[in-house]
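Structure assessment
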Amino acid sequence: MSNIAQEGRDGRSGGAVFWIALRTSLLFIILCGIVYPLVSTGLAQLLFPHQANGSLLKDKDGNVVGSELIGQPFTGSSYFQGRVSSIDYKAEASGSNNYAPSNPDMLARTQASIEQWHRDNPDVPIDRLPIALVTNSGSGLDPHITPQSALVQVPRISKLTGISAADLETLVGEYTENRDLGVFGDRRVNVLKLNLALKEMLGK
């Protein structure tokens with residue numbers, strides 16, 4: 001069918017169709033590209049400001065020290081240590097090598113982690129070392145450890161800081177989070193939150 005016949009059939013010229021398409025496109029650009037992001041961002045800031053801004057944690061002086069959602073390394077031996085990260089906790093590189101248990105590189109890294117643990121924690125037998133402390137999480141960014149993984153570090157931290165083991169165990173208990181809705185996940189300890197509380201305790 002010719003263009004002239006088609007125009008006569010639907011009563012619209014090619015130019016009219018073009019302007020309809022253009023107006024529709026502009027409408028959805030405004031709605032989806034401007035209005036929706038502004039509304040959703042505004043609601044997030046109003047209802048969940050902490051989460052919307054990255055779940056950032058601050059020290060007692062108000063300085064941002066990290067996010068409660070992303071793990072980070074702690075160089076001081078007097079602090080609780082988190083899980084191993086094969087990506088050095090780089091959020092833009094989330095993931096892991098996904099090695100099989102028999103992979104030589106993974107075995108070598110795990111063995112090195114165990115040896116380092118033994119040097120840092122000579123008072124704790126190797127058979128008490130939780131596997132989570134020498135293995136990488138799926139994302140390499142896990143900010144949590146199990147309560148047992150925190151408690152097993154208490155002898156080292158007590159010796160280095162002079163804080164009694166009983167007080168440190170109480171601190172771990174205070175920062176142990178329960179399962180979500182009492183069902184999902186496991187009990188866990190956010191390492192950054194725990195270390196911030198430990199730092200405050202050391203400052204008293």
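Per chain, residue numbering runs from 1 following the sequence as it is written. Per-residue local features of the predicted model are confined to residues with pLDDT of at least 70, and side-chain atom pairs are confined, for both listing and counting, to 80 or more; whole-chain, interface and lining totals are unaffected and use all residues. The basis for every side-chain value is the complete set of heavy atoms in the structure, and neither hydrogens nor water enter the calculation.

Identification of the protein as Potassium-transporting ATPase KdpC subunit from Paenibacillus oralis is taken from an unreviewed UniProt entry. UniProt's Subcellular location (unreviewed entry) comment on the protein is quoted here verbatim: "Cell membrane". UniProt positions are given in the numbering used here, feature names are shortened, and annotations may be inferred rather than shown by experiment. Note on the protein: under the UniProt heading Sequence similarities (unreviewed entry), the record states "Belongs to the KdpC family."

Moving on, we get to the sheet that holds strand β5 (residues 188–190). The criterion for strand pairing is that DSSP finds at least two bridges linking the strands in question. Runs of H or I in DSSP of at least four residues are treated as helices and runs of E of at least two as strands, each being numbered from the N terminus. Taking strand neighbours across the sheet as the criterion, the 3 strands line up as β3-β5-β4 in an open arrangement whose pairing is antiparallel. With one partner strand each, in any of the chains shown, β3 (144–145) and β4 (176–177) form the two edges of the open sheet. Of the strand pairs in this sheet, β4 and β5 are connected by 2 bridges, and their pairing is antiparallel. Across the sheet, residue E177 finds its bridge partner in β5, namely R188. Contact between two residues is taken to exist if any of their heavy atoms lie within 4.5 Å; hydrogens are not considered. Every axis in this analysis is a line fitted to C-alpha atoms, fitted for helices over the stretch in contact. Angles between the N-to-C directions lie between 0 and 180 degrees. Running over the sheet, helix α8 (residues 191–203) touches β3, β4 and β5 and is turned about 60° from β5.

Turning our attention to the UniProt feature "transmembrane region" (unreviewed entry) in the protein. UniProt records the feature "transmembrane region" (unreviewed entry) for residues 16–39 in the present numbering. Regarding residues 16–39, the helix share stands at 100% and the strand share at 0%, and the terminal C-alpha atoms are separated by 33 Å.

Glancing now at the domain arrangement of the protein. Frequently, the measure chosen for interface size is the accessible area removed from exposure when the parts meet. Where each domain starts and ends comes from a domain assignment, either automatic or drawn from a database. Along its sequence, the protein is organised into domain 1 (12–53) and domain 2 (56–202). Look at where the C-alpha atoms of domain 1 and domain 2 centre, and you get two points 43 Å apart.

Attention shifts here to helix α2 (residues 14–47). The span you would expect from a helix comes to 1.5 Å times its residue count less one. With 34 residues, α2 extends 48 Å from end C-alpha to end C-alpha; this agrees with the ideal 50 Å at 1.5 Å per step. Bend at a given residue is defined as the angle between two axes, one fitted to the seven residues that end at that position and one fitted to the seven that begin there. Largest kink in α2: about 35°, centred on V35, with the proline P37 one to four residues after it.

Now for the packing of helix α7 (residues 165–174) against α8. Here α7 crosses α8 at 140°, and the two axes come no closer than 10 Å. What the angle tells us is that α7 and α8 run oblique. In this structure, the crossing between α7 and α8 has a hand that is right-handed. Within the contact between the two elements, α7 uses L168, L171 and V172 and α8 uses L194, A197, L198 and M201. As a working rule, the residues Ala, Val, Leu, Ile, Met, Phe, Trp, Tyr, Cys and Pro are called nonpolar, Asp, Glu, Lys and Arg charged, and the rest polar, with Gly in that last group. Its residues assigned to classes, the contact of α7 with α8 comprises 7 nonpolar, no polar and no charged. Oblique is the label for any angle not under 35 degrees, not over 145, and not in the 65 to 115 range, which are roughly parallel, roughly antiparallel and roughly perpendicular in turn. Handedness of each helix crossing follows the sense of rotation of the near helix against the far helix: counterclockwise by less than a right angle gives left-handed, clockwise gives right-handed.

This part takes up the pairing of strand β2 (residues 64–67). As paired strands, strand β1 (residues 56–58) and β2 are joined by 3 bridges and run antiparallel to one another. Residue L57 lies in a different strand from β2, and its bridge partner there is G66. Hairpin connection from β1 to β2: 5 residues lie between these consecutive antiparallel strands, with G62 at a positive phi of about 85°.

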